[in-house]
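So the chains spell out like this:
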Amino acid sequence: MCLSEMLCFALLCLPYPPLSPGTGDALQIQCYQCEEMKQHDCSTPEYIVNCTVNVQDTCQKEVLIKPDGIHFRKSCASSGACLIASSGYQQFCTGRLNSVCITCCNTALCNGPKKKRPTNSVAPPRRQLDQWLLFALSLAALIRT
């Protein structure tokens, strides 16, 4: 098994986050979903979907800068797959022509319109930081074995 397969296996088999009290056994979020929307970020009610219970626990957002303008793709995803995709494209997220930026989040409709951040906040959200830390630790553990 090559390193990329081991990494993929390790990340996709991580346990889901704990469920909130009173939610039963099901974990489901809603995300915006659209394919290759040009100039419109598809963050309106008609693009809201229910993600697959206990499988798609993350919302994914892709922003592509092409010669004809900004394109958006949004979808439900598994957290492992989204983190692998976002880290794989990180070097192409330049904000310039042909840029591809992929982000992952795990709260309802979090792949919607960009929210304004407070001017005094420069740190990434805690949950995003935790996901990257988990990814880095998983990778380090695989490299040691």
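Placed above this text is the structure.
This is a predicted model, so every value here is computed, not measured.

Visitor: Just to check I follow, could you spell out the pairing of strand β6 (residues 100-105) for this structure?
Guide: Regular strands show a simple pattern: their side chains alternate between the two faces of the sheet. Across the 6 residues that make up β6, a large majority, 5, are buried. Note: strand β4 (residues 58-66) against β6, 6 bridges, orientation antiparallel. Bridge pairing links Cys59 to Cys105 in β6.

Visitor: I'm lost on the pattern of salt bridges in this one. Help?
Guide: Once the charged atoms of two side chains with opposite charge are near each other, the side chains can pair. The final tally for this structure, using the stated rule, is 2 salt bridges. Across the pair Lys38 and Asp68 runs a salt bridge whose closest N-O atoms are separated by 3.7 Å. Placement of Lys38 in strand β2 (residues 34-38) and of Asp68 in the loop between β4 and β5 (69-77) is noted, with a sequence separation of 30 residues between them. Between Arg73 and Glu62 there is a salt bridge, with its nearest N and O atoms 3.1 Å apart. Highlighted residues: Arg73 in strand β5 and Glu62 in strand β4, separated in sequence by 11 residues. Since its relative accessible area comes to 14%, Glu62 is described here as buried.

Visitor: Help me out: how do you make sense of the state of the cysteines in this one?
Guide: Applying the stated rule across the entire model yields 6 disulfides. Between Cys34 and Cys42 runs a disulfide, and the two sulfur atoms are separated by 1.9 Å. No difference in accessibility class separates Cys34 from Cys42, as the two residues are buried. With its sulfur 2.0 Å from that of its partner, Cys93 forms a disulfide with Cys101. In this structure the cystine formed by Cys93 and Cys101 twists about its S-S bond by roughly 95 degrees; its chirality is therefore right-handed.

Visitor: Could you clarify how one ought to interpret helix α2 (residues 79-89) in this entry?
Guide: Two residues of an α-helix separated by three or four positions point the same way, owing to the 3.6 residues in each turn. Residues of α2 that are buried include every one of Gly80, Cys82, Leu83 and Ser86, and no others. For α2, the buried positions fall inside an angular range of 165 degrees around the axis, keeping them on one side.

Visitor: What should I look at first to understand the side chain of Ser99 in this one?
Guide: Mapped onto the fold, Ser99 is located in the loop between α2 and β6. Among the polar contacts made by the side chain of Ser99, one reaches the main-chain carbonyl oxygen of Phe92 at a distance of 3.3 Å.

Visitor: Looking at this structure, how should I read the sheet that holds β5?
Guide: Sheet strands associate in pairs through backbone hydrogen bonding, adopting either a parallel or an antiparallel arrangement. Strand order in the open sheet formed by 4 strands is β2-β5-β4-β6, and the pairing between neighbours is antiparallel. Both edges of this open sheet fall to β2 and β6, since each of them pairs with a single strand only. This sheet shows a mean twist of 15 degrees between the axes of neighbouring strands, independent of strand direction.

Visitor: Help me understand unusual backbone geometry, please; the structure alone is not making it clear to me.
Guide: What you tend to see is this: most non-glycine residues have negative phi, and most peptide bonds are trans. Even without being glycine, Cys42 reaches a positive phi, approximately 45 degrees. Although it is not a glycine, Asn54 adopts a positive phi angle of roughly 60 degrees. The topology assignment puts Asn54 in the loop between β3 (48-50) and β4.

Visitor: I tried to follow the nonpolar core on my own but got confused; where do I start?
Guide: The nonpolar side chains of a soluble globular protein tend to be buried with one another. Formed by Ile29, Cys31, Cys51, Cys59, Cys76 and Cys105, the largest nonpolar core amounts to 6 residues. Beyond its immediate stretch of four places on either side in the chain, Ile29 contacts Val49, Asn50, Cys51, Gln56, Asp57, Thr58, Cys59 and Asn106.

Reading the values: rules and limits
Residue indices begin from 1 for each chain and proceed along its sequence in written order. A pLDDT threshold of at least 70 governs which residues receive local features in this predicted model, and a stricter bar of 80 or more applies before side-chain atom pairs are shown or counted, although totals over entire chains, interfaces and linings include all residues. Working from all heavy atoms in the structure, the side-chain values ignore hydrogens and water. Buried residues are those whose accessible area, probed at 1.4 Å on protein chains only, stays under 20% of the maximum for their type, while exposed residues exceed 50% and partly exposed ones sit between those limits. Runs of H or I in DSSP of at least four residues are treated as helices and runs of E of at least two as strands, each being numbered from the N terminus. Strands were regarded as paired on the criterion that DSSP finds at least two bridges between them. For salt bridges, the criterion is a side-chain nitrogen of Lys or Arg within 4 Å of an Asp or Glu carboxyl oxygen. Any pair of cysteine sulfurs within 2.5 Å is marked as a disulfide. Working note: the arc is built from the helix axis to C-beta atom directions. For the purposes of these results, a polar contact is taken to be a pair of N or O atoms within 3.5 Å, where, inside protein, one atom must be able to donate a hydrogen and its partner to accept one; residues adjacent in sequence count only when each atom of the pair is a side-chain atom. Only the contacting stretch of a helix is used when fitting its axis, a line to C-alpha atoms as for every element, and angles between N-to-C directions run 0 to 180 degrees. Within this scheme, the nonpolar core is defined by two criteria: the residues are buried Ala, Val, Leu, Ile, Met, Phe, Trp, Tyr or Cys, and they are joined through side-chain atoms within 4.5 Å. Two residues form a contact once any of their heavy atoms are found within 4.5 Å.

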